[in-house]
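So the chains spell out like this:
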Amino acid sequence: EVQLVESGGGMVQPGGSLRLSCAASGFTFSSYDMSWVRQAPGKGPEWVSAINSGGGSTYYADSVKGRFTVSRDNAKKTVYLQMNSLKPEDTAVYYCYARSDPLTYWGQGTQVTVSS
């Protein structure tokens, strides 16, 4: 059974940090590019970041560039999103997804709330 399980969300004050994890099972993780997408209340999905299968290339939305860092550990079948200098507008449910065309798999999401 394919699973992507996000963890690490929670509530943090503006300026704080969180580290999200997404643990994969049931597929060949090292063959898949991984991405993070978020969805704020009442808004559509927003792509946040991506990392290629080998971990050598990373990509970021302008809204998070310089504050978020994506990484992966293929031995642990896990992708991470280190989020620093968090802002209230980062509040959203964060999802990870795996892609190796034509296949994609999604996690269930983890809530991140940035509020004072």
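Residues numbered from 1 in each chain as written. Predicted model: local features only at pLDDT ≥ 70, side-chain atom pairs only at ≥ 80, totals over all residues. Heavy atoms only, no water.

**Examining the environment of T104**
(1) Moving on: The residue T104 is located in strand 10 (residues 103-106) in this model.
(2) Moving on: Owing to a relative accessible area of 41%, T104 belongs among the partly exposed residues under this scheme.
(3) Moving on: Counting along the chain gives 59 residues from T104 to P45, while the straight-line C-alpha distance between them is 16 Å.
(4) Moving on: If near-sequence neighbours (up to four positions away) are discounted, T104 is found in contact with A98 and R99. (Helix = DSSP H or I, 4+ residues; strand = E, 2+ residues; numbered from the N terminus. Buried < 20%, exposed > 50% of the residue type's maximum accessible area, 1.4 Å probe, protein only. Contact = heavy atoms within 4.5 Å.)

**Focus: unusual backbone geometry**
(1) Moving on: That bond from D101 to P102 is cis: its omega, 5°, falls within 30 degrees of zero.
(2) Moving on: Here P102 is to be found in the loop between strand 9 (92-100) and strand 10.
(3) Moving on: Positive phi values are uncommon outside glycine, yet K77 reaches one of about 55°.
(4) Moving on: On the secondary structure map, K77 appears in the loop between strand 7 (68-73) and strand 8 (78-83).
(5) Moving on: Positioned with a positive phi, S85 is a non-glycine residue whose angle comes to about 50°.
(6) Moving on: Relative to the elements of secondary structure, S85 occurs in the loop between strand 8 and strand 9.

**Some thoughts on the sheet that holds strand 3 (residues 18-25)**
Within a sheet, neighbouring strands are paired by backbone hydrogen bonds and run either parallel or antiparallel to one another.
(1) Moving on: Strand order in this open sheet of 4 strands is 1-3-8-7, and the pairing throughout is antiparallel. Whereas interior strands pair on both sides, the edge strands pair on one side only; in this sheet they are strand 1 (3-7) and strand 7. Direction aside, the axes of adjacent strands within the sheet are offset by 15° on average.
(2) Moving on: Of the pairings in the sheet, the one linking strand 3 to strand 8 comprises 6 bridges and is antiparallel in character. Considered in strand 8, the bridge of L18 is made with M83. (Pairing = 2+ DSSP bridges. Axes fitted to C-alpha atoms, helices over the stretch in contact; angles between N-to-C directions.)

**Comments concerning the environment of G9**
(1) Moving on: With respect to the element layout, G9 can be found in the loop between strand 1 and strand 2 (10-12).
(2) Moving on: Sequence separation between G9 and P45 is 36 residues, and the spatial gap between their C-alpha atoms is 17 Å.
(3) Moving on: Aside from chain neighbours lying at most four places away, what touches G9 is L20, T110, Q111 and V112.

**Some points on the pairing of strand 4 (residues 33-39)**
(1) Moving on: For strand 4, the tally of buried residues reaches 5 of 7 residues, placing the bulk of the element in the interior.
(2) Moving on: Judged from the 7 bridges that link them, strand 4 and strand 9 form a sheet pairing that is antiparallel. By the bridge assignment for strand 9, Q39 is matched with V93.
(3) Moving on: Pairing geometry for strand 4 and strand 5 (residues 45-51), over 6 bridges, is antiparallel. The partner of S35 across the bridge, within strand 5, is A50.

**Description of the nonpolar core**
(1) Moving on: Formed by 29 residues in total, the largest nonpolar core has its most connected members in M34, W36, L81, M83 and Y94.
(2) Moving on: Looking at this core, the elements that each hand over two or more residues are strand 3, strand 4, strand 5, strand 7, strand 8, strand 9 and strand 11 (110-114). (Core = buried A, V, L, I, M, F, W, Y, C linked by side-chain atoms within 4.5 Å.)

Don't take any of this as a statement about function, it's just geometry.
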